[in-house]
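Letter by letter, the chains look like this.
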Amino acid sequence: MRVFPRILLAFVLAVVLASPGALMAQQLPLPMQKAIPQGITTVEYAQQTLVFTTSVPLIANFQFISENEIEVRVRTRSSGQQGGNAPGNILRIWWEEGDEFIYDGEPPEEEWSGILLTEGGFTEK
């Protein structure tokens, strides 16, 4: 008769201890905004790594859209410096997992956005 309450207690304890881990495993990444300074900056979001090489400061926004889609939005940061079309300004965004540049050129004058399709490549919006 004493075995049943111990088994029940062990089962309840196992469920209570496993619940937080199960809940954390299903959490979606929150949207993230990141200031990107001049130079080379590595950003990780939702298990994806982007390397920014830029000659102007930027603001990058990342948003999880679905299980395999991440939206990336980039704009120049207004800091009294010249915008994206100044001669010699560059912006390169390398997506490590996709093994490709998702942006390579002058920094955009307006906001630029694209979608990382983590199972199939990249698409520009």
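Residues numbered from 1 in each chain as written. Predicted model: local features only at pLDDT ≥ 70, side-chain atom pairs only at ≥ 80, totals over all residues. Heavy atoms only, no water.

Let's talk about the pairing of strand 3 (residues 48-54)
Here comes step 1: Of all 7 residues making up strand 3, 6 are buried, and the element is well covered by its neighbours.
Here comes step 2: Where strand 2 (residues 39-45) lies against strand 3, 7 bridges are found, and the strand directions are antiparallel. The residue bridging Val43 from the neighbouring strand is Leu50, located in strand 3.
Here comes step 3: Following strand 2, the chain reverses through 2 residues before pairing antiparallel with strand 3; Ala46 in that reversal takes a positive phi of roughly 50°.
Here comes step 4: In the sheet, strand 3 pairs with strand 6 (residues 91-95) via 5 bridges, with the strands oriented antiparallel. In the strand pairing of strand 6, Leu50 is matched with Trp95. (Buried < 20%, exposed > 50% of the residue type's maximum accessible area, 1.4 Å probe, protein only. Helix = DSSP H or I, 4+ residues; strand = E, 2+ residues; numbered from the N terminus. Pairing = 2+ DSSP bridges.)

A short note on the nonpolar core
Here comes step 1: If you look at the biggest cluster of nonpolar residues, it comprises 20 residues, and the most contacted ones within it are Leu50, Phe52, Phe62, Val74 and Ile93.
Here comes step 2: Elements supplying a minimum of two residues to this core: strand 2, strand 3, strand 4 (58-66), strand 5 (69-76), strand 6, strand 7 (100-105) and strand 8 (112-117).
Here comes step 3: Among the elements that make up this core, the one with the highest residue count is strand 4 (4 residues).
Here comes step 4: When near neighbours in sequence (up to four residues on either side) are disregarded, Phe52 contacts Ile36, Gly39, Ile40, Thr41, Val43, Leu58, Ala60, Phe62, Val74, Leu91, Arg92 and Ile93. (Core = buried A, V, L, I, M, F, W, Y, C linked by side-chain atoms within 4.5 Å. Contact = heavy atoms within 4.5 Å.)

As for unusual backbone geometry
Here comes step 1: Phi at Ala46 takes a positive value of approximately 50°, unusual for a residue other than glycine.
Here comes step 2: In this fold, Ala46 is placed in the loop between strand 2 and strand 3.
Here comes step 3: Positive phi, normally seen in glycine, also occurs at Asp99, with a value near 55°.
Here comes step 4: Relative to the helices and strands, Asp99 is located in the loop between strand 6 and strand 7.
Here comes step 5: The exposure class assigned to Asp99 is exposed, which follows from its relative accessible area of 58%.

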